[in-house]
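Observations on chain architecture
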Amino acid sequence: MARSEPQCAGSAATRDRDLDATLTRPYSPRWLDRPAGYRDFESAYFVGRGRGAFERAADELLHWQVKIRSGFDIDASTPRVDAGQEPTIFVRLGPFRLPEPARVIDVFESANRCGFTYGTKPGHPVTGEESFILVHNSDGRVFLVLRSVSRAGSGLWRLGEPFVRIAQIIYRRRYSRALRR
């Protein structure tokens, strides 16, 4: 079930929320405490303007479109992202599909912010976490904020780490365009 984010940043619900529950801290407007031992990444990408752009992009984001439009197939229990869901994300490489097991840690929705965070499971090329955060600013601009932490996965994935890093750069570029119209 999705959590509703408080409407006001100073509310008691925000103060009581465990902002350390995830490594990428998607509830925090600024990501200051980055975990040691991981490569971290954060960037914001312009999606559009206005309430309509936010609502459209939010619906698409919460139906895996940021991943699907970036070259992934999603094998999930429901078409909508749900907390606790354990999808297998498949990266398409020509005729091959490489599995990337994951677990959705959290889904959040509010009037001006929504998104989800997932963590990797054994068998994924990296160990870490990724957050997709859609933000509707007070000036009407809509941004997709990507936050991730990762380190080499286990087993054979350690040998392929340089290629995995290159793939991360390529897919982040694709994410940056996935929700734009």
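Residues numbered from 1 in each chain as written. Predicted model: local features only at pLDDT ≥ 70, side-chain atom pairs only at ≥ 80, totals over all residues. Heavy atoms only, no water.

Since the α-helix packs 3.6 residues into each turn, any two residues three or four apart lie on the same face. The terminal C-alpha atoms of helix H2 (residues 50-61), which comprises 12 residues, lie 16 Å apart, in line with the 16 Å expected from a rise of 1.5 Å per residue. Those residues of H2 not exposed but buried are Ala53, Phe54, Ala57, Ala58, Glu60 and Leu61. What you see down the axis of H2 is that its buried residues fit within an arc of 165°, all on one side. Taken together, the buried residues of H2 touch strand S2 (39-49), helix H3 (65-68), strand S6 (113-120), strand S7 (126-136) and strand S8 (141-152). (Helix = DSSP H or I, 4+ residues; strand = E, 2+ residues; numbered from the N terminus. Expected span 1.5 Å × (residues − 1). Buried < 20%, exposed > 50% of the residue type's maximum accessible area, 1.4 Å probe, protein only. Arc of directions from axis to C-beta. Contact = heavy atoms within 4.5 Å.)

The subject of this paragraph is the confidence of the model for the protein. Model confidence for the protein is summarised by a mean pLDDT of 87, while 88% of its residues fall at 70 or above. Scored below 50 in pLDDT, residues 1-19 shows 28 contacts in the model against residues more than four places distant or in partner chains. (pLDDT = per-residue confidence, 0-100.)

Structurally, Ser148 is set in strand S8. On the accessibility criterion, Ser148 (5% relative accessible area) is buried. Side chain to side chain, Ser148 and Arg172 meet in a polar contact 3.1 Å long. In this structure Ser148 touches Thr24, Trp31, Arg39, Asp40, Phe41, Glu129, Glu130 and Arg172, once residues within four positions along its chain are discounted. (Polar contact = N/O pair within 3.5 Å; in protein donor to acceptor, adjacent residues only side chain to side chain.)

A contiguous nonpolar surface patch, about 320 Å² in accessible area, is contributed by Phe163, Ile166 and Ile170. Tracing the backbone shows Phe163 in helix H4 (residues 161-178). Among the residues examined, Phe163 registers a relative accessible area of 64% and is labelled exposed. (Patch = residues over 30% accessible without salt bridge, like charges linked within 9 Å, V, L, I, M, F, W, Y side chains within 5 Å. Areas by Shrake-Rupley, 256 points an atom, 1.4 Å probe, with all protein chains shown as cover. Salt bridge = Lys/Arg side-chain N within 4 Å of Asp/Glu carboxyl O.)

As a further point, take the environment of Phe90. On the secondary structure map, Phe90 appears in strand S4 (residues 88-93). Remark: the alpha-carbon pair of Phe90 and Glu100, spanning 10 residues in sequence, is separated by 5.8 Å. Excluding residues within four positions of it along the chain, Phe90 makes contact with Gly71, Phe72, Asp73, Asp75, Arg97, Leu98 and Pro99.

With 18 residues, H4 extends 25 Å between its outermost C-alpha atoms, agreeing within 8% with the 26 Å of an ideal straight helix rising 1.5 Å per residue. If you check which residues of H4 are buried, you get Val164, Gln168, Tyr171, Arg172, Tyr175, Ser176 and Ala178. The arc enclosing the buried residues of H4, seen along the axis, measures out at 150°, which places them on a common side. Away from its buried face, by an angle of more than 90 degrees, H4 presents the exposed residues Phe163 and Arg173.

What follows covers the packing of aromatic side chains. If you walk through the whole model with that rule in mind, you get eight aromatic pairs. Ring plane angle 50° and centroid distance 5.2 Å describe the contact between Tyr27 and Phe108, whose orientation is recorded as tilted. With Tyr27 in the loop between helix H1 (12-16) and S2 and Phe108 in strand S5 (residues 96-109), the pair connects residues that are 81 residues apart, well separated along the chain. The same class applies to Tyr27 and to Phe108, which are both buried. Note on Trp64 and Phe116: the rings are 5.2 Å apart at their centroids and 65° apart in plane angle, and the pair reads as edge-to-face. Of this pair, Trp64 sits in the loop between H2 and H3 while Phe116 sits in strand S6, and the two are 52 residues apart along the sequence. Each of the two residues, Trp64 as well as Phe116, counts as buried. In this structure, Lys67 is placed above the aromatic ring of Phe72, and the distance from its NZ or CZ to the ring centre is 4.0 Å. In this structure, Arg172 packs its charged tip against the face of Phe41, placed 4.0 Å from the ring centre. (Phe/Tyr/Trp six-rings, centres within 6.5 Å; stacked < 30°, edge-to-face > 60°. Lys NZ or Arg CZ within 6 Å of the ring centre and 35° of its normal.)

Turning to a positive patch on the surface, a few remarks are in order. A grouping of Arg173, Arg174, Arg177 and Arg180 is seen on the molecular surface, where their side chains present a positively charged patch. Mapped onto the elements, Arg173 comes out in helix H4. Taking relative accessible area as the criterion, Arg173 reaches 51% and is therefore assigned exposed. (Lys, Arg positive; Asp, Glu negative; His and termini not counted. Charge placed at Lys NZ, Arg CZ, Asp CG, Glu CD.)

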